[in-house]
Amino acid sequence: MIALPEGSRLDRGSGGLERLVVETPRAEAHVYLHGAQVTHFQPRTGRPVLFLSKKSGFVGGMPGKAIRGGVPISFPWFAAKAGDASAPSHGFARLVAWELVDVRRDGEERVVARLRLVANDLTRRWFPHDFACTFTVTVGGELGLELAVENAGNGPMRFEQALHTYFAVGDVRRTLLLGLESKTYVDKVAGFARKPPAAAPLGIEGETDRIYLEAPPRITIEDPVGARSIRVENAGAANTVVWNPWIDKAKAMADLGDDEWAEMICVETANVGEDALELAAGGSHTMRVTIGVGGLGPR
Ligand code: BG6
């Protein structure tokens, strides 16, 4: 049993799954050990920043099911695994329990938790590499997430990864994403067609599933119905993925309420597709996202 500093405790969350609860003077957060999944982040002065489906399953086990919402970790492949239709969508990292390594305070206002996943018999079934993932969650006025992947094997290791963040918005139809205007993207809804930059903020007007081929250092989610903006700051990521299932796909998903598509937008910090990472033996890579909330300023 690890020592937990003031402002943090372990309890059983939905489905009886083990969960770290963090309460700081600035914010509160929940992190399930299953998937190392942050499911809740709420600054003291505002509403929850992350969307979590009311219909999400919370099923543990080796493997269990993915939690629908918060920040699922997609690793070591993104979406469907190339050449293996039987492999789980988005990899195994979100399906298994991670080890809680330590939790510490960083000054008065922040709590930092580290979780770890290393290769085991189950992961080797799909991914024949020795790896070590360390996920660091910093809860303060902002939410900091850092995924470090190390190649602990003897040969090169190629993989994809995403911090598949579900943001809560008042109404996705009135939400705008700023920061992607100059970026080329692959449009999965149009059969993976490569599309030129839109030269305008991105509004969501239908099913949206895009891989932007360059991740800007900052994306702003303007949410007029929620009367706030959310800042998403990326580092170590080549791609931004934007996803909203819209009406029909949401209806077809057992773990998403029929109307919940309107309350969420996924803006994902990623290295996927042609930007998959390759690490030499002993090499490591760190990807970060920092999430903060602000008002709606003039543009
Ligand atoms: C997105 C993908 O990141 O995740 C979509 O771009 C996918 O194609 C979505 O549908 C949800 O995936 P899942 O496996 O959680 O239902």
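Refer to the structure presented above.
Residues numbered from 1 in each chain as written. Predicted model: local features only at pLDDT ≥ 70, side-chain atom pairs only at ≥ 80, totals over all residues. Heavy atoms only, no water.

A. Seen up close, the packing of aromatic side chains. This model, assessed by the stated rule, comprises 16 aromatic pairs. Each ring, one from Phe92 and one from Trp126, has its centre 6.4 Å from the other, and the planes form 20°; the classification is stacked. Taken together, the residues span a long stretch of sequence, with Phe92 in the loop between β5 (73–74) and β6 (99–106) and Trp126 in helix α1 (residues 121–126) at a distance of 34 residues. Of the residues examined, Phe92 reaches a relative accessible area of 0% and is grouped as buried. Trp126 gets classed as buried once you look at its relative accessible area, which sits at 13%. Members of the aromatic cluster, each reached through a chain of ring pairs, are Phe75, Trp77, Phe92, Trp126, Phe127, Phe131 and Phe159. (Phe/Tyr/Trp six-rings, centres within 6.5 Å; stacked < 30°, edge-to-face > 60°. Helix = DSSP H or I, 4+ residues; strand = E, 2+ residues; numbered from the N terminus. Buried < 20%, exposed > 50% of the residue type's maximum accessible area, 1.4 Å probe, protein only.)

B. The site of the ligand, seen in detail. As a structural note, the neighbourhood of the ligand is formed by Arg68, Phe78, Ser89, His90, Arg94, His164, Lys188, Asp209, Val241, Trp243 and Glu268. A distance of 2.8 Å is found between an oxygen atom of the ligand and a side-chain nitrogen or oxygen belonging to His164. Lys188 places a polar side-chain atom, nitrogen or oxygen, 3.0 Å from an oxygen atom of the ligand. In isolation the ligand has 400 Å² of accessible area, and contact with the protein removes 82% of it. (Near = heavy atom within 4 Å. Polar contact = N/O pair within 3.5 Å; in protein donor to acceptor, adjacent residues only side chain to side chain. Areas by Shrake-Rupley, 256 points an atom, 1.4 Å probe, with all protein chains shown as cover.)

C. Highlighting the nonpolar core. In this structure, Phe75, Trp98, Phe135 and Leu145 are the most contacted members of the largest nonpolar core, which totals 79 residues. Counting residues per element, this core draws most heavily on strand β8 (residues 131–139), which supplies five residues. If we skip the residues at most four places from it in the chain, Leu145 touches Val38, Val71, Phe135, Thr136, Val137, Leu163, Met287, Arg288, Val289 and Ile291. Ala79, Val186, Leu213 and Val241 belong to the second-largest nonpolar core, a separate cluster that totals nine residues. (Core = buried A, V, L, I, M, F, W, Y, C linked by side-chain atoms within 4.5 Å. Contact = heavy atoms within 4.5 Å.)

D. Inspection of the pairing of strand β18 (residues 218–223) at higher detail. With respect to burial, β18 is a largely interior element, five of its six residues being buried. Of the pairings in the sheet, the one linking β18 to strand β19 (residues 228–235) comprises six bridges and is antiparallel in character. Directly across from Glu222, in β19, lies its bridge partner Ser229. Between the end of β18 and the start of β19, which pair antiparallel, lie four residues, with Ala227 showing a positive phi angle near 55°. (Pairing = 2+ DSSP bridges.)

E. View of the layout of surface pockets. In this structure, the largest pocket encloses a volume near 420 Å³. Its residues assigned to classes, the lining of the largest pocket shows 14 nonpolar, one polar and five charged. Taken as a whole, the second largest pocket spans an internal volume of roughly 290 Å³. Lining the second largest pocket are 16 residues, with Ala79, His90, Lys188, Asp209 and Trp243 sitting closest to its centre. Across the lining of the second largest pocket, the residue classes tally to six nonpolar, three polar and seven charged. (1 Å grid on protein atoms, 1.4 Å probe; cavity = no way out; pocket = protein on both sides within 12 Å on 5 of 7 lines; lining within 4 Å. Points joined across faces, edges and corners; volume = space filled by probe spheres on them. Nonpolar A, V, L, I, M, F, W, Y, C, P; charged D, E, K, R; others polar.)

F. Focus on the sheet that holds strand β4 (residues 37–43). One open sheet accounts for four strands, arranged β1-β2-β3-β4; its pairing is antiparallel. Looking at the sheet topology across the chains shown, the edges are occupied by β1 (8–12) and β4. Pairwise comparison of adjacent strand axes, ignoring direction, gives a mean angle of 20° for this sheet. Note: strand β2 (residues 18–23) against strand β3 (residues 27–32), five bridges, orientation antiparallel. Note that in β3 the partner of Leu20 across the bridge is Val31. (Axes fitted to C-alpha atoms, helices over the stretch in contact; angles between N-to-C directions.)

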